[in-house]
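What the coordinates show
Residue strings, one per chain:
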Amino acid sequence: MKTGIYYGSATGTTAEIARRIASMTGVSDADIHDVADTAPHTAGDYDLLILGSSTWGNGELEDDWYDFLDGLRALDLTGKKIALFGCGDETMSDTFCNAVGILYDRLKDTGATFIGEFPADEYHFDKSAASDGAVMRGLLLDEVNHPELTTARLRRWTELIKS
Ligand SMILES: Cc1cc2nc3c(=O)[nH]c(=O)nc-3n(C[C@H](O)[C@H](O)[C@H](O)COP(=O)(O)O)c2cc1C
């Protein structure tokens, strides 16, 4: 299964997580893409798309995602799998990792199958667009307050999406 990782990152946190996911899943550097300087049609080359965004503003996507996401939505993603991840800050408790929920909402009608849901009960927040009740739409990481939890979460999640 050919895997591509696409990320948007304002200060480098999500970019670093993308590289860690790549090394845990055996994805080569050439298949890690910053959405700021990648054409959306390249996503057509992959069977599994691992998509990551930090959350900015008042619960918004990282800026570089907007144009890329429009291009991605124009593709037929039928038969592809998508796994979502995001970096955020639990103290922004009404918008925690909203970007993951925004990616899900905007891609859910593209024909792709979503994998990599993660349990909600290990996070502390009031509201998140990434939440679907008991599960989150993808892997959420809080490198601001809980970096010590990241390695174990990455291991669990990468095993989940590889299986
Ligand atoms: C101005 C500002 C607004 C933010 N808004 C949110 C938010 O609404 N929800 C959230 O979970 N995190 C929010 N964050 C936290 C960032 O998503 C977090 O620091 C993340 O690790 C940044 O990743 P990046 O360097 O890849 O962009 C915000 C951070 C800043 C500085």
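I will try to describe carefully the structure that is included in this document. (Residues numbered from 1 in each chain as written. Predicted model: local features only at pLDDT ≥ 70, side-chain atom pairs only at ≥ 80, totals over all residues. Heavy atoms only, no water.)

Take the layout of surface pockets next. What the largest pocket holds in volume is close to 290 Å³. Listed by contribution, the elements that provide at least two residues to the lining of the largest pocket are α1 (13-25) and β3 (48-56). A per-element tally of the lining of the largest pocket places β3 first, with three residues. Classifying every residue of the lining of the largest pocket by side-chain character gives seven nonpolar, 11 polar and two charged. Of the pockets and cavities examined, the second largest pocket occupies roughly 160 Å³. Contributing to the lining of the second largest pocket are M1, K2, T3, T25, G26, V27, D31, L48, I50, I161 and K162. (1 Å grid on protein atoms, 1.4 Å probe; cavity = no way out; pocket = protein on both sides within 12 Å on 5 of 7 lines; lining within 4 Å. Points joined across faces, edges and corners; volume = space filled by probe spheres on them. Helix = DSSP H or I, 4+ residues; strand = E, 2+ residues; numbered from the N terminus. Nonpolar A, V, L, I, M, F, W, Y, C, P; charged D, E, K, R; others polar.)

Residues Y6, I50, L51, W65, L72, F85 and W157 are the most contacted members of the largest nonpolar core, which totals 49 residues. Those elements giving two or more residues to this core turn out to be β1 (3-8), α1, β3, α2 (65-73), β5 (81-87), α3 (98-107), β10 (139-141) and α4 (150-162). For L51, the contacting residues outside a window of four places in its chain are Y6, W65, L72, I82, A83, L84, F85, L103 and L107. (Core = buried A, V, L, I, M, F, W, Y, C linked by side-chain atoms within 4.5 Å. Buried < 20%, exposed > 50% of the residue type's maximum accessible area, 1.4 Å probe, protein only. Contact = heavy atoms within 4.5 Å.)

Most of β3 is tucked away, with eight of its nine residues classed as buried. As judged from the six bridges shared by β1 and β3, these two strands associate in the parallel manner. Looking at β3, one finds that T3 is bridged to L48. The pairing of β3 with β5 spans seven bridges and is parallel. (Pairing = 2+ DSSP bridges.)

Moving on to the site of the ligand. Neighbouring the ligand are 19 residues, the closest being S9, T11, T14, S54 and T55. In the model, an oxygen atom of the ligand is placed 2.8 Å from a nitrogen or oxygen of the A10 main chain. Side-chain polar atom of T95 to an oxygen atom of the ligand: 2.7 Å apart, as the coordinates give it. According to the grid-proximity analysis, the pocket containing the ligand is the largest pocket. If you list the elements that add at least two residues to the shell around the ligand, you get α1 and β3. Among the elements that take part in the shell around the ligand, β3 stands out by supplying three residues, more than any other. (Near = heavy atom within 4 Å. Polar contact = N/O pair within 3.5 Å; in protein donor to acceptor, adjacent residues only side chain to side chain. Sits in = over half its atoms within 2 Å of the grid points.)

Contact geometry of α2 with α3 gives a least axis separation of 10 Å together with a crossing angle of 25°. Here α2 lies roughly parallel to α3, going by the angle between them. Regarding α2 and α3, the two cross each other, and that crossing is right-handed. Within the contact between the two elements, α2 uses W65, L69, D70, L72 and R73 and α3 uses L103, R106 and L107. Of the residues in the contact of α2 with α3, the class split is five nonpolar, no polar and three charged. (Axes fitted to C-alpha atoms, helices over the stretch in contact; angles between N-to-C directions. Parallel < 35°, antiparallel > 145°, perpendicular 65-115°, else oblique. Left-handed = near helix turned anticlockwise from the far one by under 90°.)

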